[in-house]
Amino acid sequence: MFKGKVLLFSLLLLAFATSLYAGDVHPCQTTIGLTAGPMRLSTCPQGDFEFILTAAGGSSDYIWVIVRDSGGVGIPGIPWTDYWFNACDPLQQLCLCAAPITADSLTNSAGRTTFSGRLSCGGCVLTDGLWFSVQGKTIVAQPGCTDRVCLDIVVVSPDITADCDVNLSDFTALGLSYNKNLGDPAYNPCCDFNDDDKCNLSDFTFLGSHYYHHCF
Ligand SMILES: [Ca+2]
Ligand SMILES: [Ca+2]
């Protein structure tokens, strides 16, 4: 009899605790976007290349997200590092370090936060953009809730080979496109780190300044 009461009390306590919890991330109620776009972002696996803040040509641009549960209620307090992303095109997958993107803050009472810092990844995404996930849930678009939201972001990195290391193989890849411009058959836009449609000494210098960089 006593054991039964303890069990009942435990169940009531569990129900109460569960009701206090804001709920799981809902991938279709959650929304994400860019303040300006499109963005073109130079990244390094070491996380020390371009800031999202300047990736759309301005100085105060960012990615925003509003994380909501199945009832459309914002979820506060989502940790800074509970986010993930990659290329929407399966043929352009990036090499991502642990915690490749960090939010500017915990989500606020409305479930909102922003991203204005730097990505820790290598590789090259020229078309179709990036998808994002929160706590393992990939954000999908309404109506239908099946298509991933793909933000209009181009990524280039001195880790051209997308193995999370900037080394001789990347230098070789850049060499194949060296002194080539947009329109030349051998021009590789993945080698253009300063967005001037040329692969030249400037880009070589960028590669040199990130040489031997890798994930922490
Ligand atoms: Ca590489
Ligand atoms: Ca260039």
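Conventions used here
- Residues numbered from 1 in each chain as written.
- Chains lettered and ligands numbered in written order.
- Predicted model: local features only at pLDDT ≥ 70, side-chain atom pairs only at ≥ 80, totals over all residues.
- Heavy atoms only, no water.
- Helix = DSSP H or I, 4+ residues; strand = E, 2+ residues; numbered from the N terminus.
- Polar contact = N/O pair within 3.5 Å; in protein donor to acceptor, adjacent residues only side chain to side chain.
- Contact = heavy atoms within 4.5 Å.
- Buried < 20%, exposed > 50% of the residue type's maximum accessible area, 1.4 Å probe, protein only.
- Core = buried A, V, L, I, M, F, W, Y, C linked by side-chain atoms within 4.5 Å.

> How should I be thinking about the side chain of Thr113 in this particular structure?
Note that Thr113 resides in strand 6 (residues 112-115). For Thr113, the side chain forms a polar contact with the main-chain oxygen of Ser105, separated by 3.0 Å. Once residues within four sequence positions are removed from consideration, Thr113 is found in contact with Ile63, Trp64, Val65, Tyr83, Ala103, Asp104, Ser105, Leu106 and Thr107.

> When you look at the environment of Ala87 in this model, what are you seeing that I'm missing?
With respect to the secondary-structure elements, Ala87 resides in strand 4 (residues 83-87). The buried category is assigned to Ala87, whose relative accessible area is 2%. Each C-alpha atom of the pair Ala87 and Ile153 lies 9.3 Å from the other, and the pair is 66 residues apart in sequence. Those residues within four positions of Ala87 in sequence are excluded, and the remaining contacts are Gln92, Gln93, Val125, Gly129, Leu130 and Trp131.

> Help me understand the nonpolar core, please; the structure alone is not making it clear to me.
Soluble, globular proteins show a tendency: their nonpolar side chains are buried together. Ile63, Tyr83, Phe85 and Phe132 are the most contacted members of the largest nonpolar core, which has 30 residues in total. Every element with two or more residues in this core is listed here: strand 2 (39-42), strand 3 (63-66), strand 4, strand 8 (130-134) and strand 10 (153-156). Excluding residues that lie within four positions of it along the chain, Ile63 makes contacts with Ile32, Gly33, Leu34, Met39, Ile52, Thr113, Thr114, Phe115, Phe132, Leu151 and Ile153. With 14 residues, the next largest nonpolar core counts Ile160, Ala173, Cys199 and Leu207 among its residues.

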